[in-house]
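Read off the chains here:
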Amino acid sequence: MPADEYIVEMRHITKRFPGIVANDDISLGIKKGEIFALLGENGAGKSTLMSMLFGMYEPDEGEIYIRGKRERISSPNHATRLNIGMVHQHFKLVSNYTIAENIILGIEPKKMAGLFPVVDIKGTNEKVAALSRQYGLEVDPTARIENVNVSTQQRVEILKMLYREAEILIFDEPTAVLTPQEIEFLLQIIRGLRDQGKTIILITHKLEEIKQVADRCAILNRGKLIDVLDVASTTTQTMANLMVGREVDFTVTKSPAQFGPEVLRVEHLTVKNADGFPVVKDVSFTVKAGEIFAIAGVSGNGQTEIADAVAGMLPAAEGSITMDGADVTHASVRERSDLGLSYIPEDRQSVGLVLDFPLSDNLALKNYYKPPFCQKGILDHAAFEAYAEKLAETYDVRSGQGVRTITRSMSGGNQQKAIIAREIELSSKLMIFVQPTRGLDIGAIENIHRQIITERNKGRAVLLISLELDEIMGLADTIGVIFSGQMLKIAPAETMTTNEVGQYMMGVKQA
Ligand SMILES: Nc1ncnc2c1ncn2[C@@H]1O[C@H](COP(=O)(O)OP(=O)(O)OP(=O)(O)O)[C@@H](O)[C@H]1O
Ligand SMILES: [Mg+2]
């Protein structure tokens, strides 16, 4: 095919970071008006490749052609002038600005107020509202980012691209943070954009999404391009096998549960949000040793607040929390952790990790003050590194410079794997997993699911919170369904069908 049939063409692109070749001689072409998916394991080099197209890095070797013309894309502004837009894996919005202000940031429309140019806020709000109507991406232009949910923030990121008249739209794992309903909506939006002639590049770990919307799919493995496939004629199993480099098994096998003594007891728990409004209302449940208790629910129904309250990150307004017989309702986070609590939080970047610390420090964040890491008040860095080496190996945490890698530079999925490694390795009696597999590739998900079951078989009590119904149905021994802050139903997993759980989640069915 002649080069000018491609709106984007990358030729022999290589990008190295200290200790790693993130992209190794990659050549591919993307056609105007197609949805082109990028698939690959965590750390395969997907975000890096697209960051170069968006001008955040320059390739060490190779050339990029846009609309048949060679371009050195030196900055995101330059990419914007080439009508390229990107929604990043971790959003880049200013939280105390309004939606409209975020959208115009850097290209503020000015009008004259007397002798001085000022930003035309009213005009902007109107323009943003019109744009949002045109694309079916409803937002309130005057709302502040800090007060809107992730799905709205993502709409803002999309509107930001459209406001800049992007024709080539890059989405880096846009569905990782969304609920199933929001995902359906986003995929529709993406299809709509394609139908209007835009070119879409979609990075995702979810094979069904690729199957649903993409025309072609490139598969990366450890920096190399493995293949570019026609999606319609390829099965998801083939895609999975190609990307992981082995046969992937999607089924979760689980032996019958053997419950031991009660480890967690939550009684009449009420949790309030910052405005004093109850988001968890009079919730009671118990989790036993050897039990996976999963809370199913649509995002925003109070499930993360339950996890935060049990972990000590949020105060209980009413009710009590008992761990292993001890009342921990008012205990500090560290007291709970010392009693045997592991916590994999929802927000890996702001709660789970110190991004500017090396991987080795992050892996010891929960026990750095104990031997062997700390002796007589002195930290032993060799002990940190030895421990981290072992964890990185066991949990397959990949990074450029091993355990000395600054965590911020690690790929999103590998950051998540690091948190999981740290928390599982504590061998705590109680383990709370909130969205543990978000952003992980299918091979890594398979591993984490196995590890969760292994911990349960060892007699740990597991509290699992997930928006993925498949994950809940596959792992749970007991399912609690939360709706609007209330636990509508608690039952053994084998007594409930996916459909029933779904109905409780929507509040349609009452216990
Ligand atoms: N700024 C950087 N400095 C050093 N190393 C980096 C940097 N950015 C990426 N890397 C490394 O390059 C490799 C590829 O990372 P990249 O973020 O492109 O992976 P990915 O395919 O997007 O993975 P994920 O699915 O986890 O998001 C990783 O090993 C990562 O640690
Ligand atoms: Mg990435």
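Quick summary incoming for the structure in this document. (Residues numbered from 1 in each chain as written. Chains lettered and ligands numbered in written order. Predicted model: local features only at pLDDT ≥ 70, side-chain atom pairs only at ≥ 80, totals over all residues. Heavy atoms only, no water.)

## Here's the deal with the pairing of strand 1 (residues 6–17)
As defined by bridge partners, strand 1 adjoins strand 2 (residues 20–31) across eight bridges and the pair is classed as antiparallel. Its bridge partner lying in strand 2, Met 10 is registered against Leu 28. Between strand 1 and the antiparallel strand that follows it, strand 2, lie two residues; Gly 19 among them carries a positive phi value of about 85 degrees. Taken together, the five bridges between strand 1 and strand 4 (residues 61–66) define a ladder with antiparallel strand orientation. Counted as the bridge partner of Arg 11 is Glu 63 from strand 4. (Pairing = 2+ DSSP bridges. Helix = DSSP H or I, 4+ residues; strand = E, 2+ residues; numbered from the N terminus.)

## Examining the pairing of strand 21 (residues 430–434)
Burial of strand 21 is extensive: five of the five residues sit out of reach of the surface. Here strand 21 shows a buried face lined by Leu 430, Ile 432 and Val 434 and a second buried face lined by Met 431 and Phe 433. Sheet topology places strand 21 next to strand 22 (residues 461–466); five bridges connect them, and they run parallel. Its bridge partner being in strand 22, Leu 430 is matched across the sheet by Ala 461. For the segment spanning strand 21, helix 15 (residues 442–457) and strand 22, crossover handedness is right-handed. (Buried < 20%, exposed > 50% of the residue type's maximum accessible area, 1.4 Å probe, protein only. Right-handed = clockwise from strand over helix to strand, strands pointing away.)

## A word on the pattern of salt bridges
Following the criterion strictly, the structure yields 31 salt bridges and no others. Taking the shortest distance from any N to any O, the salt bridge between Lys 122 and Glu 126 comes out at 3.4 Å. In this pair, Lys 122 and Glu 126 both sit in helix 4 (residues 121–134), four residues apart, roughly one turn of the helix. Glu 126 gets classed as partly exposed once you look at its relative accessible area, which sits at 48%. With a closest N to O distance of 3.4 Å, Asp 195 and Arg 194 form a salt bridge. Of the residues examined, Asp 195 reaches a relative accessible area of 61% and is grouped as exposed. (Salt bridge = Lys/Arg side-chain N within 4 Å of Asp/Glu carboxyl O.)

## Some points on the site of ligand 1
Of all residues adjacent to ligand 1, which total 20 residues, the nearest are Gly 43, Lys 46, Thr 48, Ser 411 and Gly 413. At 3.2 Å, a backbone N or O of Ala 44 approaches an oxygen atom of ligand 1. Residue Gly 45 places a main-chain N or O atom 2.9 Å away from an oxygen atom belonging to ligand 1. In isolation ligand 1 offers 640 Å² of accessible surface; the protein chains occlude 89% of this area. Going through the elements one at a time, strand 2, helix 1 (46–53) and helix 14 (412–425) are the ones with two or more residues in the shell around ligand 1. When residues in the shell around ligand 1 are grouped by element, the largest group, three residues, is from helix 1. Looking at the shell around ligand 1, its residues break down into six nonpolar, 11 polar and three charged. Both domain 1 (3–244) and domain 2 (262–505) contribute no fewer than three residues apiece to the shell around ligand 1. (Near = heavy atom within 4 Å. Polar contact = N/O pair within 3.5 Å; in protein donor to acceptor, adjacent residues only side chain to side chain. Areas by Shrake-Rupley, 256 points an atom, 1.4 Å probe, with all protein chains shown as cover. Nonpolar A, V, L, I, M, F, W, Y, C, P; charged D, E, K, R; others polar. Domains from an automatic or database assignment.)

## Remarks on the coordination of the magnesium ion (ligand 2)
Distances from the magnesium ion (ligand 2) to its protein donors, namely Ser 47 (OG) and Gln 89 (OE1), fall within the range 2.1 to 2.4 Å. Of this pair, Ser 47 sits in helix 1 while Gln 89 sits in the loop between strand 6 (84–87) and helix 3 (99–104); the two residues are 42 residues apart in sequence, bridging distant segments of the chain. Judged by relative accessible area, which is 25%, Ser 47 ranks as partly exposed. On the accessibility criterion, Gln 89 (17% relative accessible area) is buried. (Donors = N, O, S within 2.8 Å, 3.2 Å for Na, K, Ca; no water.)

## Focus: the sheet that holds strand 1
Taken together, the four strands give an open sheet; going across it, the order is 2-1-4-5, and neighbouring strands pair in antiparallel fashion. Of all the strands in the sheet, the pair left with one neighbour each is strand 2 and strand 5 (69–71). Across this sheet, the average inter-strand angle for adjacent strands is 25 degrees, counted without regard to direction. Bridging between strand 4 and strand 5 involves three bridges; their strand directions are antiparallel. Bridge pairing in strand 5 places Ile 66 opposite Lys 69. (Axes fitted to C-alpha atoms, helices over the stretch in contact; angles between N-to-C directions.)

## What to know about the sheet that holds strand 24 (residues 486–492)
Taken together, the six strands give an open sheet; going across it, the order is 18-21-22-15-23-24, and neighbouring strands pair in mixed fashion. At either end of the open sheet lies a strand with only one pairing partner, and these are strand 18 (341–344) and strand 24. Going across the sheet, the axis of each strand differs from the next one's by a mean of 15 degrees, ignoring polarity. In the packing of helix 10 (residues 333–340) onto the sheet, contacts are made with strand 18 and strand 21, and the angle to strand 18 comes to roughly 115 degrees. (Contact = heavy atoms within 4.5 Å.)

## Quick notes on the packing of aromatic side chains
Per the stated rule, a full pass over the model turns up five aromatic pairs. Seen in terms of ring centroids, Phe 17 and Tyr 57 are 5.2 Å apart; in terms of plane orientation they differ by 70 degrees. Their pairing is edge-to-face. Taken together, the residues Phe 17 in strand 1 and Tyr 57 in the loop between helix 1 and strand 4 connect sequence positions 40 residues apart. Owing to a relative accessible area of 29%, Phe 17 belongs among the partly exposed residues under this scheme. (Phe/Tyr/Trp six-rings, centres within 6.5 Å; stacked < 30°, edge-to-face > 60°.)

## Concerning the environment of Met 410
With respect to the helices and strands, the residue Met 410 is situated in the loop between helix 13 (381–394) and helix 14. Judged by relative accessible area, which is 6%, Met 410 ranks as buried. Along the primary structure Met 410 and Ala 392 are separated by 18 residues, whereas in three dimensions their C-alpha atoms are 13 Å apart. Those residues in contact with Met 410, other than ones at most four positions away along the chain, are Leu 359, Val 397, Arg 398, Ser 399, Thr 405 and Gln 415.

Just distances and angles here, no functional claims.
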